[in-house]
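Structure at a glance
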Amino acid sequence: MSAPAKVSGGVTGPSRARISARTLRTDRWWLTPLLTTLGLATFVVYASIRSWVRTAYWVDQYHYLTPFYSPCLSDSCVPGSSHFGTPIGELPMWIPLGFLVLPFLLGFRITCYYYRKAYYRSVWLAPAACAVAEPHARYTGETRLPLILQNSHRYFFYAALIVSLINTYDAIAAFHGESGGFGFGLGNVILLVNVILLWAYTLSCHSCRHITGGRLKHFSAHPVRYRLWTLVGRLNTRHMQLAWTTLATLMITDFYIMLVASGTISDLRFID
Ligand code: FES
């Protein structure tokens, strides 16, 4: 994001209207920030608990692996769940088994342009809504630490591409029947929908849009990049919806696999 002009004194600065009330709005302007905070907090709490519990993340009969534990590269992973081997030895309980992917996943989401807007407004109240004074005295934007690190988003995008490839591999490996051949159940549908939406979210990223069509002076001279940029641009208009939908599908996928892996429910099988 471009650096904004510094405003000395925030809403109390000399150039601002002298209004003592925090806002003159009488509508429920606080509802959107409240719902956003609750939505983000739900995901953070759920993902943190599930990442640390180390139970019910792998269904051996059908090869379902929850995305929160993928790739599982440690000797501590249950047998069968390590699609890419176990180059890492035993891990102490305080390190999540999906530790390799979690920082990149979190980094990608936290620095996402949409999520920035969401938590700047709802968590930092900067500002909470139009015509609502923010509580901060100064505004320096993303021009200094720690917020200048938001500019690392383009690098997290490349990591997210690798994570999406790994999730795709997991979804394909899950077409596994109990007797060893091809199998197909409700878990496959959930894994597949999740991975398709994850690709849609990743490819709708603003960095992806810039990579495909940024800095081009003449689109006519680069028809392939122009076409890709157009496609990514279409997805990009749905970025906010995809950001929320994929938070939900990640939790639903993990929750379903947890229920099947723990024996709470049986997977609905179409082909076994
Ligand atoms: Fe949201 Fe890149 S802008 S993922």
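The model shown is predicted, which means the values in this text are computed figures rather than measured ones. (Residues numbered from 1 in each chain as written. Predicted model: local features only at pLDDT ≥ 70, side-chain atom pairs only at ≥ 80, totals over all residues. Heavy atoms only, no water.)

Across its full length, the chain carries eight helices and four strands. If you list the helices and strands of the chain from N to C, you get α-β-β-α-α-α-β-α-α-α-α-β. Each principal axis of the C-alpha distribution contributes one length, and for the chain these read about 75 × 50 × 40 Å. Sequence-distant contacts, at least 24 apart, represent 67% of the contacts inside the chain between residues at least 6 apart. Carbon and sulfur atoms make up 68% of the accessible area of the chain, which amounts to about 15100 Å² in all. Between the averaged position of the 23 positive side-chain charges in the chain and that of its 11 negative side-chain charges there is a distance of 24 Å. (Helix = DSSP H or I, 4+ residues; strand = E, 2+ residues; numbered from the N terminus. Contact = heavy atoms within 4.5 Å. Areas by Shrake-Rupley, 256 points an atom, 1.4 Å probe, with all protein chains shown as cover. Lys, Arg positive; Asp, Glu negative; His and termini not counted. Charge placed at Lys NZ, Arg CZ, Asp CG, Glu CD.)

In this section: the packing of helix H2 (residues 102-110) against helix H4 (residues 153-173). Two quantities define a packed helix pair, namely the angle between the helix axes and the distance between the axes. As a packed pair, H2 and H4 sit with axes 9 Å apart at the nearest point and diverge in direction by 130°. Relative to H4, the element H2 is oriented oblique. For the pair H2 and H4, the crossing hand works out as left-handed. Across the interface between the two elements, Pro103, Phe104, Leu105, Gly107 and Phe108 from H2 touch His153, Phe156, Phe157, Ala159, Ala160 and Val163 from H4. Taken together, the residues of the contact of H2 with H4 sort by class into nine nonpolar, two polar and no charged. (Axes fitted to C-alpha atoms, helices over the stretch in contact; angles between N-to-C directions. Parallel < 35°, antiparallel > 145°, perpendicular 65-115°, else oblique. Left-handed = near helix turned anticlockwise from the far one by under 90°. Nonpolar A, V, L, I, M, F, W, Y, C, P; charged D, E, K, R; others polar.)

Another point: the nonpolar core. Counting 35 residues, the largest nonpolar core has Phe43, Tyr57, Phe68, Leu97, Tyr115 and Tyr201 as the members making the most contacts within it. Of all elements in the fold, only helix H1 (31-53), helix H3 (113-122), H4, helix H5 (186-203) and helix H8 (239-261) reach the threshold of two or more residues within this core. Counting 11 residues, the second largest nonpolar core, distinct from the first, contains Ala174, Leu191, Tyr256 and Val260. (Core = buried A, V, L, I, M, F, W, Y, C linked by side-chain atoms within 4.5 Å. Buried < 20%, exposed > 50% of the residue type's maximum accessible area, 1.4 Å probe, protein only.)

Below, the discussion takes up the UniProt feature "transmembrane region" (unreviewed entry) in the chain. With numbering aligned to this structure, UniProt lists the feature "transmembrane region" (unreviewed entry) at residues 29-49, 93-115, 155-175, 181-201 and 242-265. A distance of 32 Å separates the end C-alpha atoms of residues 181-201, which is 76% helix and 10% strand. A distance of 29 Å separates the end C-alpha atoms of residues 242-265, which is 83% helix and 0% strand. (UniProt positions renumbered as here; feature names shortened; annotations may be inferred.)

Evaluation of the coordinates by the stated rule reveals five salt bridges. A single network of salt bridges, built from pairs that share partners, joins Asp267, Arg269 and Asp272. (Salt bridge = Lys/Arg side-chain N within 4 Å of Asp/Glu carboxyl O.)

Note on placement: Met258 falls in helix H8. Considered as a pair, Met258 and Gly185 are 73 residues apart in the sequence and their alpha carbons are 15 Å apart.

Among all positions of helix H6 (residues 206-213), only Ser207, Cys208, Thr212 and Gly213 are buried. Lining the buried residues of H6 we find H4, H5 and helix H7 (223-236). Just downstream of H6 lies Arg215, where phi reads positive at about 65°.

Secondary-structure assignment places Thr202 in helix H5. Residue contacts for Thr202: discarding those within four places in its chain leaves Phe108, Phe157, Ala160, Leu161, Ser164 and Cys208.

A complete count under the given rule lists 18 aromatic pairs for this structure. Centroid distance Tyr62 to Tyr64: 5.6 Å. Interplanar angle 45°. Geometry classified as tilted. Neither Tyr62 nor Tyr64 differs from the other in exposure class; each is buried. For the pair Phe175 and Phe182, a centre-to-centre distance of 5.8 Å together with 5° between the ring planes defines the contact as stacked. Taken together, the ring pairs in this structure connect Phe108, Tyr114, Tyr115 and Tyr201 into an aromatic cluster. In this structure, Arg269 packs its charged tip against the face of Tyr62, placed 3.7 Å from the ring centre. (Phe/Tyr/Trp six-rings, centres within 6.5 Å; stacked < 30°, edge-to-face > 60°. Lys NZ or Arg CZ within 6 Å of the ring centre and 35° of its normal.)

Before going further, it helps to examine a nonpolar patch on the surface. On the surface, Phe182, Val189, Val193, Leu268, Phe270 and Ile271 cluster together into a nonpolar patch covering about 530 Å² of accessible area. Elements supplying a minimum of two residues to the nonpolar patch: H5 and strand S4 (269-271). Note on placement: Val189 falls in helix H5. (Patch = residues over 30% accessible without salt bridge, like charges linked within 9 Å, V, L, I, M, F, W, Y side chains within 5 Å.)

What follows covers unusual backbone geometry. Cis geometry marks the peptide bond from Ser70 to Pro71; its omega dihedral reads 0°. In this model, Leu145 is joined to Pro146 through a cis peptide bond whose omega is 0°. Looking at the secondary structure, you find Pro146 in the loop between H3 and H4. Despite not being glycine, His63 has its phi angle at roughly 60°, a positive value. On the secondary structure map, His63 appears in the loop between strand S1 (58-59) and strand S2 (64-65). Residue classification places His63 among the partly exposed residues on the basis of a relative accessible area of 22%. Residue Ala131 is not a glycine yet carries a positive backbone phi of 65°.

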